[in-house]
Amino acid sequence: MHYVVIGNGVAGTTAGETLRRLDPQSAITMLGDENFPPYCRPMISMVLEGTVSEKALPIRSADFYDTLRIHPVLGTRVSQLDPESKNLATADGQSFSYDKLLIASGSDPRAIDAENQNLDNIFYMRNYAQVRQMINALPSFKNALVLGGGLVGFKAAYGLLRRGLQVTMLISSGYPLSMQVDETAGQMILEVLKSRGLLVRVGSQVIGFEGGDRVRGAFLADGGHIPCELVVIGKGVFPAHGFVPRDKIKVDAGILVNGCMETSAADVYAAGDVAEFIDIARKRPWVNAIWPEAVAQGEVAGTNMAGRRFVYKGSLSRNVIRIFDTDVMTAGLVHPPSDDMEIQVLTETDRRRRLYRKLVFRKDVLAGFAMVNRIEQGGILTALIRSGLPVEKDKSRLLAPDFNFARLMPGSRACPIH
Ligand SMILES: Cc1cc2nc3c(=O)[nH]c(=O)nc-3n(C[C@H](O)[C@H](O)[C@H](O)COP(=O)(O)OP(=O)(O)OC[C@H]3O[C@@H](n4cnc5c(N)ncnc54)[C@H](O)[C@@H]3O)c2cc1C
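Since we're looking at a predicted model, the values are computed, not measured.

The rules behind each value
- Residues numbered from 1 in each chain as written.
- Predicted model: local features only at pLDDT ≥ 70, side-chain atom pairs only at ≥ 80, totals over all residues.
- Helix = DSSP H or I, 4+ residues; strand = E, 2+ residues; numbered from the N terminus.
- Contact = placed C-beta atoms within 7 Å.
- Core = buried A, V, L, I, M, F, W, Y, C linked by C-beta atoms within 7 Å.
- Buried ≥ 20, exposed ≤ 12 C-beta atoms within 10 Å, placed from the backbone.
- Pairing = 2+ DSSP bridges.
- Axes fitted to C-alpha atoms, helices over the stretch in contact; angles between N-to-C directions.
- Near = placed C-beta within 6 Å.
- Nonpolar A, V, L, I, M, F, W, Y, C, P; charged D, E, K, R; others polar.
- Domains from an automatic or database assignment.
- pLDDT = per-residue confidence, 0-100.

**Let's talk about the environment of Gly378**
Considering the arrangement of structural elements, one finds Gly378 in helix α8 (residues 378–387). Remark: the alpha-carbon pair of Gly378 and Ala331, spanning 47 residues in sequence, is separated by 8.5 Å. Not counting the four nearest positions on each side in its chain, Gly378 is found in contact with Met329 and Met371.

Okay, structure coming up:
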């Protein structure tokens, strides 16, 4: 048996380890276009901030591949896949055949449509190499422009602010993290960032960049111009499945999988940011591009590839973010459709103490929440979403930062934390 894993991120790494644990004999090849051993991708933004050393990034030791007898083929990108002949090819001309394949190629940054975007010092922030390049050039920068207020754009802006740069964030939605939080929480986050010197421009977009070799400024669609020596493009990500033949493997936003992480093609599995499966809160297929889901899916994929059945129940979006002295936590459905009659939304806001809590229920079941500060009980709320247990009365008690779960659901014997 020859297993091939595309991607040595956390989904591919977890799958590789699971395969080796359950199948000590078979050959495993892992292909990845980055030249590093597995590392903690979310922490690259902390390296940019300067709060975490690059030495803390690796999540496995340098002898990871040797110890598990995994054959690594790094620094090369898979460009073609034929699930009928069970062959794949890389951009540098190598070819591989497999018995079972896992696609764990993660996400690519979403590109923008702007002139001159190949100038020096215009970056994406998806991998360690990009952050390393930014840090090398940092001493010569004073003004940074961050395009996009999503998770990556936000983290880039925060990191550069902490490094002492003057940062302008250009966002179309009016507030940062608009996919993760609602407007009230988003405006609270914005106030914190502005109080630390962030400049924000709303409702316009970059149409081109100015500069000789290096970027010196950005031209906006509304006629404006922003001087900058560093640009980070953080306009979101999309699943990295450009090499997947859509007539042979079903693809929606991500590669569609079932609970065993099997795609529509025989012996081809997908896991992590590239995969799409049922979202527990939304109750429909969704790509939840977050670290803990990539770990869980990698393990499920590896187990099933090794011939043991392990069914994944579905993914749940969630994020915990610290912005200077402000904590934000979200999970599940935070932006419910306004015309859904089964949805009930409860909120509590205390602007003076910078506290906010929003709970979204579908019928009586918690489907999502957003919290600014006093987030201690976010774990219980997350577990409550996962459990699907109804909260039939006194739902508003969950708005209190110190609610007592046992009193709220006295009939429930099971602890919802898992
Ligand atoms: C700056 C930043 C901050 C983040 N913060 C958080 C956070 O706070 N919390 C959280 O839960 N998640 C966070 N994430 C998301 C998290 O990192 C991802 O969900 C997770 O890394 C996904 O793991 P993965 O293995 O599916 O994909 P990846 O980690 O993307 O790994 C996939 C690997 O495959 C490689 N690859 C892609 N295409 C090919 C190809 N064709 N051929 C060969 N190799 C290929 C990629 O280069 C990559 O090395 C953050 C991400 C970034 C970039």
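**What about the nonpolar core?**
Counting residues in each nonpolar core, the largest one holds 68 residues, and the members touching the most others are Val146, Ala157, Ile189, Val231, Leu366 and Ile385. Ranked by the residues each element gives to this core, the list is headed by helix α5 (residues 151–162), at eight residues. Setting aside its immediate chain neighbours within four residues, Val146 contacts Gly153, Ala156, Ala157, Val167, Met169, Val232 and Gly234. Core analysis: the next-biggest nonpolar cluster, separate from the first, contains 39 residues, Tyr65, Val78, Ile255 and Ala294 among them.

**Considerations on the sheet that holds strand β2 (residues 27–32)**
The five strands lie next to each other as β3-β2-β1-β7-β19, forming an open sheet whose pairing is parallel. With partners counted over all chains shown, the strands left at the sheet margins are β3 (70–74) and β19 (268–270), one partner each. The sheet shows a mean angle of 20 degrees between the axes of neighbouring strands, taken without regard to direction. Here five bridges tie β2 to β3, and the two strands are oriented parallel to one another. Residue pairing for β3: Met30 is matched across the bridge by Pro72. Relative to the sheet, helix α1 (residues 10–22) contacts β1 (2–6), β2, β3 and β7 (100–103), its axis offset from that of β2 by approximately 175 degrees.

**Quick look at unusual backbone geometry**
Here Asn121, not a glycine, exhibits a phi torsion of approximately 70 degrees, which is positive. One can find Asn121 in the loop between β8 (107–109) and β9 (122–124). The exposure class of Asn121 is buried, given the 21 C-beta atoms found within 10 Å. Positive phi, close to 65 degrees, is recorded for Asp267, a residue that is not glycine.

**Describing the site of the ligand**
Around the ligand there are 36 residues in total, and Gly7, Gly9, Pro42, Gly106 and Gly272 lie nearest to it. At the level of secondary structure, the elements contributing two or more residues to the shell around the ligand comprise α1, β2, α2 (44–49), α5 and α7 (291–305). Here the residues of the shell around the ligand sort into 18 nonpolar, 11 polar and seven charged. For the shell around the ligand, the two domains that each supply at least three residues are domain 1 (2–109 + 238–305) and domain 2 (122–235).

**Re the confidence of the model for the protein**
Per-residue confidence for the protein averages 93 on the pLDDT scale, and 97% of its residues sit at or above 70. The low-confidence segment residues 414–418, where pLDDT is below 50, has nine contacts with residues more than four positions distant or belonging to other chains.

**Topic: the environment of Glu34**
Position of Glu34 relative to the elements: it lies in the loop between β2 and α2. Taking the C-beta count within 10 Å as the criterion, Glu34 has 19 such neighbours and is therefore assigned partly exposed. Considered as a pair, Glu34 and Val10 are 24 residues apart in the sequence and their alpha carbons are 13 Å apart. Look past the residues within four positions of Glu34 in its chain and what remains in contact with it is Leu74 and Asn127.

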